[in-house]
Amino acid sequence: MEKIYSRTTTIQEDKVSGFCPGCMHSTVIKLIGEVLDEMNLVDKAVCITGIGCCGLHMDYIAYDTITAPHGRATAVATGMKRTSPDSLIFTYQGDGDFASIGLGESISTANRGENITVIFINNGIYGMTGGQMAPTTLLGMKASTAPKGRIAEEHGYPMHMCEILNQLTAPRYLERTSCNTPQNVIKTKNAIKKAFQNQLDGKGFSMVEIVTSCPTNWGLDPLDALDFIEQKMLPEFPLGVIRDR
Amino acid sequence: MARVLMKGCEAIAEAAVRAGCRFFAGYPITPQNEIPEYFARRMPEVGGTFVQGESEVASVNMVYGAASAGTRSMTSSSSPGISLKSEGISYCAAARIPIVYANISRGGPGVGAIQPAQQDYLQATKASGNGGFEMIVLAPSTVQEAVDLTYAAFDYADRDRNPVLILADGVIGTMMEPVELPPMKTDEEIAAIKASKAAWACTGHKLDYANRSWIQPGQWNTQIMQAENEKAAALYASWEKDVQVEEYMVEDAEVIITAYGVSARIAKSAVDICRAAGKKVGLIRPITVHPFPYNSFDKINYDVCKGVLDVEMSIPAQFVHDVRMGVKGRCPIETCLCSGGNIMSREAVLKAVDGILAK
Amino acid sequence: MAMIKVIAERCKSCQYCIRYCPKQVLAVGKNVNSKGYEYVEPVNQEACIACCMCARICPDGAIEVYK
């Protein structure tokens, strides 16, 4: 019998990720690894991780990685790509990192059209610090710093990063995907592949926003979190290619 | 070699280019704008990269990225902007990434004043960010010295894998003086420097779980974190050999003036005036303000010395804390201070010297 | 002929694979791994069609598929 699906070589054999059961950070890291494997890019890859749960994969991946200060991953990526243009430079950031504290860096890097790839994990909450409200938290969704739920009058509305970056001229590719079904997992993988290919082709800024679950801080078991993505997250954050030029 | 007339900020930038700096990111703030402006013109000529960041925070992190990929990299700012950079500097120190940055300091606190000051001394030498890291801090008092120290700073940074700070002030940054520039590093030399960092630089490695590059400005494991801090402490302790100081007419002095940067330059001219008038006055001028030349204060003849005069452009005084640790109570310490963008007056220094001599 | 193999140590029992397996090959087992998770096991291996749905949805790369 032939093995037709197995673990990517970019995840170390004897290590298990520190992510919670059902956390889709694990899924995305797996997909990034599969794409690097398939595109034969492992020896060029540098992952710039943000601060938060997105850093929990550092010790079990097999390619180069550096931790940026909270929100600054795209600035670090700018310095790296400009001086090391042959490396494949991608950031891996959560919603607190990319859309809140790093908003200035995120928009400015996209506006300069830096030839990098952003993998942006949107689970609508701060994971590592314990479920505080994120810029992407849904209206009415409870968070440890919004105990009555997000209220528009007080907290504003969920931020749509793909659509915000779509106001800029420079970005080349913006797509929102999810990992809640096998089909969406495949779409996410293809999006990552395309974003990396854009960088290899020197096209400029690409971002894949991935709508994921945080079962622990949503207070749901993993299967209910899948339903929450389908019923609540995706109506607010519709999937699809926002820009491809 | 021919001398050229250059403004301090531009001379610092040119010295960096000649030292092999090929990445600079900065953000406008007075009085250091001539540094990014010079790099913007100069970098394309040498195949380097200049980026105007969207903020000081972004700029320092661009430098963190470029240096982590093995390129000699620099940023600069002035006082309030340096505070913003402290996040990235702390990360570079924790991850042991060699970068050079310059503080062309101005009045403070807060937005302060755009004119020259020396009000960032304690921040520069004791706590340039969270976590208790240390850096070599170089304090030029002439444009020539700014050039030489900037050139050397890149070697210190690479040797130690640690940030190095050029602590200048708005006078040094904005005045013009004739300078002799150091030799331009060749492309081969620059490539060799970059290649020497290949083992740890984040540029991509062949699949190898054990030997990939993993740049970590922190550790999950507290034992490893402590071990990293112990290694860093050992590095900091090794800097005693790197102390640079100017000791001027110290042996018989009845008054020792101590100052750094532009204040020291003004103070030195006061020493010459005093000596011409037969007054026994000397100067101790730290060039490295960290590591601090405490031992120079042991060379004072405390049998004849009536007092040490701390001259600095900071109210309250900051440099005086290190002076106290050098003097160790062996004679009185007086201060001659100005602040908020006012430049030290030589007359005030002379008056303060006379005040001590009259005691 | 198709089959799957669950790497017990990698499984965190999120059960995404169980939901998306079209042939009900998988179920939560009775054993726990070293992390304390009741890992998923194939209980209906002969029904497997090697569609890889389970392996693709698995966040932790805990499933290998053979054909």
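Residues numbered from 1 in each chain as written. Chains lettered and ligands numbered in written order. Predicted model: local features only at pLDDT ≥ 70, side-chain atom pairs only at ≥ 80, totals over all residues.

Q: Mind laying out the overall build of chain B, listing which residues take part and the relevant values?
A: From N to C terminus, chain B includes 12 helices and 16 strands. Within chain B, residue pairs in contact and separated by at least 24 positions form 79% of the contacts whose partners lie at least 6 positions apart. (Helix = DSSP H or I, 4+ residues; strand = E, 2+ residues; numbered from the N terminus. Contact = placed C-beta atoms within 7 Å.)

Q: Describe the overall build of chain A, and please don't skip the residues or the numbers.
A: For chain A, the count of helices and strands is nine helices and eight strands. Across its three principal directions, the C-alpha atoms of chain A cover 50 × 50 × 30 Å. The proportion of buried residues among the 245 residues of chain A is 62%. (Buried ≥ 20, exposed ≤ 12 C-beta atoms within 10 Å, placed from the backbone.)

Q: Please give an account of the arrangement of the chains that cites residues and values.
A: Most contacts, compared over the two pairs of chains touching, are made between chains A and B. At the level of C-alpha atoms, the two units chain B and chain C stay apart, their nearest approach being 17 Å.

Q: Give me the lowdown on the sheet that holds strand E6 (residues 173-178) of chain A, citing residues and values where you can.
A: If you walk across this open sheet you meet the eight strands as E8(A)-E6(A)-E7(A)-E5(A)-E4(A)-E2(A)-E3(A)-E10(B), and the pairing is mixed. Each of the sheet's edge strands pairs with one partner strand only, and the pair in question is strand E8 (240-244) of chain A together with strand E10 (214-215) of chain B. Here four bridges tie strand E2 (residues 45-49) of chain A to strand E3 (residues 64-67) of chain A, and the two strands are oriented parallel to one another. Along E3(A), the bridge assignment pairs Val46(A) with Asp64(A). Packing of helix H1 (residues 24-38) of chain A onto the sheet brings it into contact with E2, strand E5 (117-122) and strand E7 (206-211) of chain A, and relative to E5(A) it is tilted by some 160°. (Pairing = 2+ DSSP bridges. Axes fitted to C-alpha atoms, helices over the stretch in contact; angles between N-to-C directions.)

Q: Provide a residue-level description of the domain arrangement of chain B, including the pertinent values.
A: Residue and element names in this part refer to chain B. Taken domain by domain, chain B comprises domain 1 (3-195) and domain 2 (245-357). For domain 1 versus domain 2, the separation of C-alpha centres amounts to 27 Å. Facing the 26 residues of domain 1 at the interface are 21 residues of domain 2. Put simply, the parts of the chain that give the side of domain 1 that touches domain 2 at least two residues each are strand E5 (100-107), strand E6 (113-116), helix H5 (121-126), strand E7 (136-138), strand E8 (164-169) and helix H7 (170-174). Counting residues per element, the side of domain 1 that touches domain 2 draws most heavily on E6, which supplies four residues. Of the residues contributing to the side of domain 1 that touches domain 2, the split by class is 16 nonpolar, seven polar and three charged. (Domains from an automatic or database assignment. Nonpolar A, V, L, I, M, F, W, Y, C, P; charged D, E, K, R; others polar.)

Q: Tell me about the sheet that holds strand E15 (residues 307-312) of chain B, residues and numbers included.
A: All names here are of chain B. The strand order across the open sheet built from five strands is E11-E13-E12-E15-E16, with neighbouring strands paired in mixed fashion. The open sheet terminates on both sides in strands that have one partner only, identified here as strand E11 (245-248) and strand E16 (333-337). Adjacent strand axes in the sheet meet at a mean angle of 20° when their direction is disregarded. The pairing of E11 with strand E13 (residues 281-286) spans four bridges and is antiparallel.

Q: Which residues make up the interface of chain A and chain C, and what values do they have?
A: Chain A puts 25 residues into the contact, and the matching count from chain C is 25 residues. Contributions of two or more residues to the side of chain A that touches chain C are made by strand E1 (3-5), H1, helix H7 (182-200) and helix H9 (222-236) of chain A. Among the elements that make up the side of chain A that touches chain C, the one with the highest residue count is H1(A) (four residues). For the side of chain A that touches chain C, the class distribution of residues is 14 nonpolar, seven polar and four charged. Across two bridges, the pairing between E1(A) and strand E4 (residues 63-66) of chain C is antiparallel.

Q: Quick one: what's the story with the environment of Gln119(B), residue by residue and with numbers?
A: All names here are of chain B. With respect to the helices, strands and loops of the structure, Gln-119 is situated in the loop between E6 and H5. Sequence separation of Gln-119 and Met-225 is 106 residues, and the distance between their C-alpha atoms is 32 Å. Excluding residues within four positions of it along the chain, Gln-119 makes contact with Ser-79, Ser-105, Gly-107, Gly-108, Ser-314 and Ser-339.

Q: I'd love a proper account of the interface of chain B and chain A, names of residues and values included.
A: Of the residues lining the interface, 36 residues belong to chain B; the matching set on chain A comes to 31 residues. Mapped by element, the contributors of at least two residues to the side of chain B that touches chain A are strand E2 (23-26), strand E3 (49-52), helix H3 (56-68), helix H4 (79-95) and E10 of chain B. Ranked by the residues each element gives to the side of chain B that touches chain A, the list is headed by H3(B), at nine residues. Residue composition of the side of chain B that touches chain A, by class: 17 nonpolar, 14 polar and five charged. Sheet analysis places E3(A) next to E10(B), joined by two bridges and oriented parallel.

Q: Explain unusual backbone geometry residue by residue, including any values.
A: Glycine aside, residues mostly have negative phi, and peptide bonds are mostly found in the trans state. The residue after Gly108(B), namely Pro109(B), is reached through a cis peptide bond having omega 0°. Residue placement: Pro109(B) occurs in the loop between E5 and E6. With omega at 0°, the peptide bond leading from Ile315(B) into Pro316(B) counts as cis. Relative to the helices and strands, Pro316(B) is located in the loop between E15 and helix H11 (320-327). In the Ramachandran plot, Arg96(B) falls in the positive-phi region, its phi being about 60° despite a non-glycine side chain. On the secondary structure map, Arg96(B) appears in the loop between H4 and E5. Judged by local crowding, Arg96(B) falls into the partly exposed class, with 19 C-beta atoms found within 10 Å. Even without glycine at this site, Cys52(C) takes up a positive phi of about 70°.

Q: So what's going on with the environment of Gln197(A)? Residues and values would help.
A: All names here are of chain A. Secondary-structure assignment places Gln-197 in helix H7. Given 16 C-beta atoms within 10 Å, Gln-197 falls into the partly exposed group. Between the C-alpha atom of Gln-197 and that of Ile-210, which follows or precedes it by 13 residues, the distance is 18 Å.

Q: A description of helix H4 (residues 103-112) of chain A should follow, citing residues and the corresponding values.
A: Listed as buried for H4(A) are Glu105(A), Ser106(A), Ser108(A), Thr109(A) and Ala110(A). Tucked inside the fold, the buried residues of H4(A) contact helix H2 (73-83), helix H3 (95-101) and helix H6 (161-165) of chain A together with H3 of chain B. Immediately downstream of H4(A), the backbone of Gly113(A) shows phi near 65°, a positive value.

Q: Outline the pairing of E5(B), supporting the account with residue identities and numerical values.
A: Residues and elements named next belong to chain B. Counting buried positions along E5 yields eight of eight residues, so the element is predominantly enclosed. Sheet analysis places strand E4 (residues 73-77) next to E5, joined by four bridges and oriented parallel. Bridging from a neighbouring strand, Ser-76 pairs with Ala-102 of E5. Handedness of the crossover is the feature at issue here: the chain leaves E4, passes through H4, returns alongside E5, and the resulting connection is right-handed. By the bridge criterion, six bridges tie E5 to E8 in an arrangement that is parallel. Counterpart to Ile-104 in the pairing with E8 is Ala-168. Pairing analysis gives two bridges linking E5 to E6, with the strands arranged antiparallel. (Right-handed = clockwise from strand over helix to strand, strands pointing away.)

Q: Residue-level account of the packing of helix H1 (residues 8-18) of chain B against helix H6 (residues 143-160) of chain B, with values.
A: Residue and element names in this part refer to chain B. In the contact formed by H1 and H6, the axes pass within 8 Å of each other and the chain directions differ by 30°. The angle between H1 and H6 places the two elements in the roughly parallel class. Seen from above, H1 lies across H6 with right-handed handedness. Listed contacts from H6 to Gly-8, Ala-11, Ile-12, Ala-15, Ala-16 and Arg-18 of H1 are Val-143, Ala-146, Val-147, Thr-150 and Tyr-151. For the contact of H1 with H6, the class distribution of residues is eight nonpolar, two polar and one charged. (Parallel < 35°, antiparallel > 145°, perpendicular 65-115°, else oblique. Left-handed = near helix turned anticlockwise from the far one by under 90°.)

Q: Explain the packing of helix H10 (residues 261-276) of chain B against helix H12 (residues 346-357) of chain B residue by residue, including any values.
A: All names here are of chain B. The interhelical angle for the contact between H10 and H12, taken along N-to-C directions, is 55°, at an axis separation of 9 Å. In terms of their interaxial angle, H10 and H12 are classed as oblique. Along this stretch, H10 crosses H12, giving a crossing that reads as right-handed. For the pair H10 and H12, contact is made by Ile-266, Ala-267, Ser-269, Ala-270, Ile-273 and Cys-274 and by Arg-346, Val-349, Leu-350 and Val-353, respectively. Taken together, the residues of the contact of H10 with H12 break down into eight nonpolar, one polar and one charged.

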